[in-house]
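An overview of the molecular structure
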Amino acid sequence: MYPSDLRYTKEHEWVRLQGGVATVGITDYAQHELGDVVYVELPKVGAKLTAGQSLGTVESVKAVSEIYSPVAGEVTEVNSTLGPNPETINKDPHGSAWLIKLKVNDPGAVSGLMDAATYQAFVSEKEKDASA
Amino acid sequence: MRYLPKSPSERREMLDAIGARSVADLFQSVPEALRLQGPLNLPGPMSETELVQYFRARASENSTGYTSFLGAGVYNHIRSVVTDTILLRGEFLTSYTPYQAEISQGTLQAIFEFQTLMCQLTGQEVANASMYDGSTAMTEAVLMAERLTGRQRILVARSVHPEYREVLATYARNLGLQIEEVGFARSGQIDASALAGALDAQTAAVVVQSPNFFGVLEPLPKIAELARGSEALLVTTIAEGVSLGLVKPPVDADIVAMEAQSLGLPPSYGGPYAGVIATREKYVRQMPGRLAGQTTDNRGRRGFCLTLATREQHIRREKATSNICTNQALCALAAAVHLCLLGKEGLREMAAQNVAKAQFALAELERIPGVRRVFTGPVFNEFTVQFPRSVRLINADLLREKIIGPLPLGRSYPELTKCGLVCVTETTTRAEIERLAASVRTALLQPV
């Protein structure tokens, strides 16, 4: 379910680190909880983010959610295809619906995030709580 | 929303159900020092007959039979009894925007119609369900500009209504906004060169009013161009909506904040009035307040519902776009009904009469020795004149003639002593204007 090459946060963002550049998106669990996404608000290229800082919002028909930067870095690219096609987030959250790319300050910080198995367990626990 | 009184036994039943001894028990979590000690200083209850007698007595204290030349943000226009008849229908008697589309189609449609009319009037793409009044709408428009630009510096024309500027200052005080005022030129319009000099890369918005507080129309395309040069937004506030019957809509503005009083609400002490915010569609997510949208129901029929509510306070709490979560639904309905009754031609005709009568009044006053027009800029239904003596002294004489005279401008503008703001609408008759001129003439002949 959750790709093993990604790292995950408790706020349900994922990170893919490639050569000092982190691609950030929201997880399948997050998109499912949000429902149909209708609008995405992303930062400007060049914005400097600290870990845990809000990078934008994802708006669905029932809620607006703040998205937090999993690591510190500078925004090098934003996914402009999400503007006209925000529903991509529901269809392909771990792939083509990435949100931003960050030149990370400290690549080591990414390894401090959850791996796929830990995140899967974290999410399963949440789902159990929700059905309890 | 109904108010349902409770009997003592019903209160007891509810208190028992939650295990409280008294109503006072419910406030135990508030520190004692902050709690009200003793009952409020209010008169006791009255019977229906006593109430009617009381209010008849109060109402008889009202002055009647006066001719008013006061405007300055509140305008007396003709209204139809049809508006009040519709307003008094029980189904509409709420100031709240309904959440539940399944039981509120009539109210939601009325709000949708209001929004549509506001877009047509202002030339903007989207308007909300209404705000509290013009001053809070203007302030919310400024906060919106701050969110859109990420900048904190606001340039406000001194020709914007002084009370609107006070409301803005109150909001801005604790929000880190830096408000700077830009003076006016001999035309009565914003000093364009001062504005050009003040604009910089930290400026979020330029705020002007048109017609402005002196009654003068601002050159909006020129101001918009200056603002755009610094990537600042233009917020245009309108206190006299009837002007839009003739004047080009403020299409150059990025955000329009309007007072809807003159569109179907009578002048009344303290309101209630209604504010309007209209803007470009691309800014809709930063627009405060409620928005009614058109949709189709599960059988494909046209219907209405609140839309984009996900950014509001009851859902997003402290991250909400603004803390306005309500509107002036009944006042907005009055404006919608009033405008529909007038129609496009009616509004144009009303506006044309305002201009014609104001020009006549200005000409009559200018014929009086020592009375002169202050500003050269074009006006709608208000204008500023300077008298050879204090406006207050003149007004005291006019009041004895049952004329409520011009607004003395010296209180808000020390440089405009002896200047008065005169308002003439379609309700003012030629005879009344001539009586004003004659009375001013007589007043000026009195020894000071």
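Residues numbered from 1 in each chain as written. Chains lettered and ligands numbered in written order. Predicted model: local features only at pLDDT ≥ 70, side-chain atom pairs only at ≥ 80, totals over all residues.

1. Remarks on the overall build of chain A
Check the secondary structure of chain A and you find 3 helices and 9 strands. The C-alpha atoms of chain A give a radius of gyration of 14 Å, which matches the 14 Å a tight globule of 132 residues would have. Dimensions of chain A along its principal axes, counting C-alpha atoms only, are 45 × 35 × 20 Å. The proportion of buried residues among the 132 residues of chain A is 36%. Put simply, of all contacts in chain A between residues at least 6 apart along the chain, 63% involve residues at least 24 apart. (Helix = DSSP H or I, 4+ residues; strand = E, 2+ residues; numbered from the N terminus. Rg over C-alpha atoms; globule rule 2.2 N^0.38 Å. Buried ≥ 20, exposed ≤ 12 C-beta atoms within 10 Å, placed from the backbone. Contact = placed C-beta atoms within 7 Å.)

2. Focus: the pairing of strand β9 (residues 292-296) of chain B
Residues and elements named next belong to chain B. As paired strands, β9 and strand β10 (residues 302-306) are joined by 5 bridges and run antiparallel to one another. Note on β10: the bridge partner recorded for Ala292 is Leu306. Between β9 and β10, which pair antiparallel one after the other, the connecting turn spans 5 residues, and Gly300 there sits at a positive phi close to 80°. (Pairing = 2+ DSSP bridges.)

3. Observations regarding the domain arrangement of chain B
All names here are of chain B. Domain assignment breaks chain B into domain 1 (67-75 + 343-445) and domain 2 (81-338). Computed from C-alpha atoms alone, the centre-to-centre distance between domain 1 and domain 2 is 28 Å. On the side of domain 2, 23 residues touch domain 1, which itself brings 22 residues to the contact. Every element with two or more residues in the side of domain 1 that touches domain 2 is listed here: α10 (329-366) and β12 (382-386). Looking at the side of domain 1 that touches domain 2, the element that brings in the most residues is α10, giving 7 residues. In terms of residue class, the side of domain 1 that touches domain 2 is made up of 13 nonpolar, 7 polar and 2 charged. (Domains from an automatic or database assignment. Nonpolar A, V, L, I, M, F, W, Y, C, P; charged D, E, K, R; others polar.)

4. Considerations on helix α5 (residues 134-149) of chain B
All names here are of chain B. Along its 16 residues, α5 runs 22 Å from first to last C-alpha, staying within 8% of the 22 Å computed at 1.5 Å per residue. Most of α5 sits out of view: 13 of its 16 residues are buried. In the stretch just after α5, Gly150 is the one whose phi turns positive, near 70°. (Expected span 1.5 Å × (residues − 1).)

5. Description of the sheet that holds strand β11 (residues 372-373) of chain B
All names here are of chain B. Reading across the sheet, the 4 strands line up as β11-β12-β15-β14 and stay open at both edges, with antiparallel pairing between neighbours. This sheet does not close on itself; its edge strands, each paired only once, are β11 and β14 (407-408). The sheet contact formed by β11 and β12 spans 2 bridges and is antiparallel. Within β12, the position partnered with Arg372 by the bridge is Gln386.

6. Quick look at the pairing of strand β6 (residues 233-238) of chain B
Residues and elements named next belong to chain B. Counting buried positions over the 6 residues of β6 gives 6, a clear majority of the element. Taking every second residue as pointing to the same face, both faces of β6 are buried, with Leu233, Val235 and Thr237 on one and Leu234, Thr236 and Ile238 on the other. Here 5 bridges tie strand β5 (residues 203-209) to β6, and the two strands are oriented parallel to one another. What sits directly across from Gln209, in β6, is Thr237. At this point the chain moves from β5, through helix α8 (residues 220-229), to the parallel β6, and the crossover so formed is right-handed. (Right-handed = clockwise from strand over helix to strand, strands pointing away.)

7. As for the interface of chain B and chain A
The partner chain A presents 6 residues to the 6 residues of chain B that form the contact. Looking at the side of chain B that touches chain A, its residues break down into 1 nonpolar, 1 polar and 4 charged.

8. Observations regarding helix α6 (residues 162-172) of chain B
Residue and element names in this part refer to chain B. For α6, the complete set of buried residues consists of Tyr164, Arg165, Leu168 and Ala172. Looking down the long axis of α6, one finds its buried residues gathered within 100° of arc, a one-sided arrangement. Those residues of α6 that are exposed and angled more than 90 degrees off the buried face are Glu166 and Thr170. Residues of α6 that are buried in the fold lie against α5, β3 (153-157), β4 (178-182) and β6. (Arc of directions from axis to C-beta.)

9. Overview of unusual backbone geometry
All names here are of chain B. In the segment running from Ser210 into Pro211, the intervening peptide bond is cis, with an omega of -5°. Take Pro211: it is sitting in the loop between β5 and α8. The backbone phi angle of Ala72 is positive, close to 55°, even though this residue is not glycine. Phi is positive for Lys418, close to 65°, though the residue is something other than glycine. Among the structural elements, Lys418 can be located in the loop between β14 and β15 (419-423).

10. Some points on the environment of B:Ser439
Residues and elements named next belong to chain B. Here Ser439 is to be found in helix α12 (residues 430-445). Note: C-alpha distance between Ser439 and Ile394 (45 residues apart in sequence) is 8.9 Å. Contact partners of Ser439, with chain neighbours within four places excluded, come to Asp397, Leu398, Glu401 and Ile403.

11. Remarks on the nonpolar core
Ranked by size, the top nonpolar core spans 114 residues in total, and within it B:Val207, B:Val235 and B:Ala332 carry the most contacts. Among the elements that line this core, the one with the most residues is α10(B), at 18 residues. (Core = buried A, V, L, I, M, F, W, Y, C linked by C-beta atoms within 7 Å.)

12. With respect to the environment of B:Leu263
All names here are of chain B. Structurally, Leu263 is set in the loop between β7 (255-259) and β8 (275-279). We classify Leu263 as buried; it has 31 C-beta atoms within 10 Å. Considering only alpha carbons, one finds Leu263 and Asn76, 187 residues apart in sequence, at a separation of 9.6 Å. Beyond its immediate chain neighbours, meaning those up to four positions away, Leu263 contacts Gly241, Ala335, His338 and Leu339.

13. Looking at the environment of B:Asn395
Mapping B:Asn395 onto the fold places it in helix α11 (residues 391-400). For the pair B:Asn395 and B:Thr296, spaced 99 residues apart in sequence, the C-alpha separation works out to 58 Å.

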